[in-house]
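# Summary of the model geometry
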Amino acid sequence: MSAIKIEILPVEKTGLGEGPHWDGCRQELLYVDLTEKTVNRYSPTTEKSYKVKIDSEGLGETYVSHVIPYASNPNKFVIGHGKSLKTLEWDLISLTPTSITTIYDVVDDNLEGRFNDGKCDVQGRLWAGTMPIYSSNMSSEDGTKGSLFKLSKDGLVSKHADKIGVSNGLCWSHDNTKFYFIDSFTRCMYVFDYDVQLGTIDNKRVALDFQKEQINGVPDGMTIDSNGNLWIACFDGYQVQKNKTLNLAVQENWNL
């Protein structure tokens, strides 16, 4: 097994840390605290961290689920906030945002839930999925209420998949012909064919079934490294897995 160093960052503990995003331009880590409804940033260079509180008063259980920076403005971010995608404007230091504006609201009476994980493809289109209110005894009907949406650079939002339980980890192969996606409810990672020019997905199939492979925990967040390996964080499994995309049998585990 490769020698990998795992460290605890010198940041304030989170209620439920989610959606890590490495900002290559600023060399900083962005992430959210879902239950505390904050967007956070951490600089490894200065070892300083900052957060901004997203007001959810009067909106019920409206969590903050992901944060993606705008390429055109260092002070703007797309966030998932409840059943909405919103633009957050922030001075990067204050606890209070400069402004928050709604981009898109999911209008679906069958979904009592929220957005969850979200990431951008190589063309800058944001893909984000929804999920019902999570509980340990979700029914099979609940496991079909989520959907996968795409926010194009022109501001238009379109739905590309439905009948999803808990939308989670997303990433693309290096040649942009494959889109990987996790549904935590089914405990499966799926792969789609991806058309990078049109921004469309097709031909969904199971790439890795945690139950079938007897893998502990629930597949959650996911990313792909420079060598094409998929890394999957396992909720309630206390481990991170490394999987080669050409052979999705588990290659290595890191227990946490």
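Cut-offs and rules
- Residues numbered from 1 in each chain as written.
- Predicted model: local features only at pLDDT ≥ 70, side-chain atom pairs only at ≥ 80, totals over all residues.
- Heavy atoms only, no water.
- Salt bridge = Lys/Arg side-chain N within 4 Å of Asp/Glu carboxyl O.
- Helix = DSSP H or I, 4+ residues; strand = E, 2+ residues; numbered from the N terminus.
- Buried < 20%, exposed > 50% of the residue type's maximum accessible area, 1.4 Å probe, protein only.
- Pairing = 2+ DSSP bridges.
- Axes fitted to C-alpha atoms, helices over the stretch in contact; angles between N-to-C directions.
- Phe/Tyr/Trp six-rings, centres within 6.5 Å; stacked < 30°, edge-to-face > 60°.
- Lys NZ or Arg CZ within 6 Å of the ring centre and 35° of its normal.
- Contact = heavy atoms within 4.5 Å.

Once that is clear, we can look at the pattern of salt bridges. Applying the stated criterion to the full structure yields seven salt bridges. Lys-51 serves as the salt-bridge partner of Glu-12, at 3.1 Å between the closest nitrogen and oxygen. Here Lys-51 lies in strand β4 (residues 48–53) and Glu-12 lies in the segment before β1 (17–23), a separation of 39 residues in the sequence. A relative accessible area of 52% places Glu-12 in the exposed class. Given a relative accessible area of 28%, Lys-51 falls into the partly exposed group. One salt-bridge network, held together by shared partners, links Asp-23, Arg-26, Glu-28 and Arg-41.

Moving on to the sheet that holds strand β3 (residues 38–43). The four strands lie next to each other as β1-β2-β3-β4, forming an open sheet whose pairing is antiparallel. Looking at which strands have only one partner, the edges of the open sheet turn out to be β1 and β4. In this sheet, neighbouring strand axes are inclined to one another by 20° on average, regardless of whether the strands run parallel or antiparallel. Taken together, the five bridges between β1 and strand β2 (residues 28–33) define a ladder with antiparallel strand orientation. Bridge pairing in β2 places Glu-18 opposite Val-32.

This paragraph deals with the packing of aromatic side chains. The final tally for this structure, using the stated rule, is 10 aromatic pairs. Aromatic pair Trp-172 and Phe-179: ring centres 5.1 Å apart, planes at 40°, arrangement tilted. You'll find Trp-172 and Phe-179 in the same group, each marked buried. Seen from their ring centres, Phe-179 and Phe-181 are 6.3 Å apart, and the 25° between their planes marks the pair as stacked. Grouping residues by exposure puts Phe-179 and Phe-181 together as buried. An aromatic cluster of three or more residues is present, and its members are Trp-127, Trp-172, Phe-179, Phe-181, Phe-192 and Tyr-194. Cation over ring: Lys-204 sits above Tyr-190, and NZ or CZ is 4.3 Å from the ring centre.

Taken together, four strands build an open sheet; the order of strands is β9-β10-β11-β12 and the sheet is antiparallel. Across the chains shown, the open sheet's two edge strands, defined by having one partner strand only, are β9 (113–120) and β12 (157–164). Direction aside, the axes of adjacent strands within the sheet are offset by 20° on average. Pairing geometry for strand β10 (residues 126–132) and strand β11 (residues 146–151), over four bridges, is antiparallel. Paired with Gly-129 across the two strands is Leu-148, which belongs to β11.

Below, the discussion takes up unusual backbone geometry. At Lys-163, a position not held by glycine, the phi torsion is positive, near 55°. Residue Lys-163 is classed as exposed on the basis of its relative accessible area, which comes to 59%. We note that Gln-214 has phi near 55°; this positive angle belongs to a residue other than glycine. Summarising the element assignment, Gln-214 is placed in the loop between β16 (200–209) and β17 (218–224). Taking the relative accessible area as the measure of exposure, Gln-214 reaches 73% and is therefore exposed.

Moving on, we get to the environment of Gly-146. Secondary-structure assignment places Gly-146 in strand β11. It is 33 Å that separates the C-alpha atoms of Gly-146 and Gln-27, two residues lying 119 residues apart in sequence. When sequence neighbours within four positions are dropped, the list of residues in contact with Gly-146 reads Thr-130, Met-131, Asp-162, Lys-163 and Ile-164.

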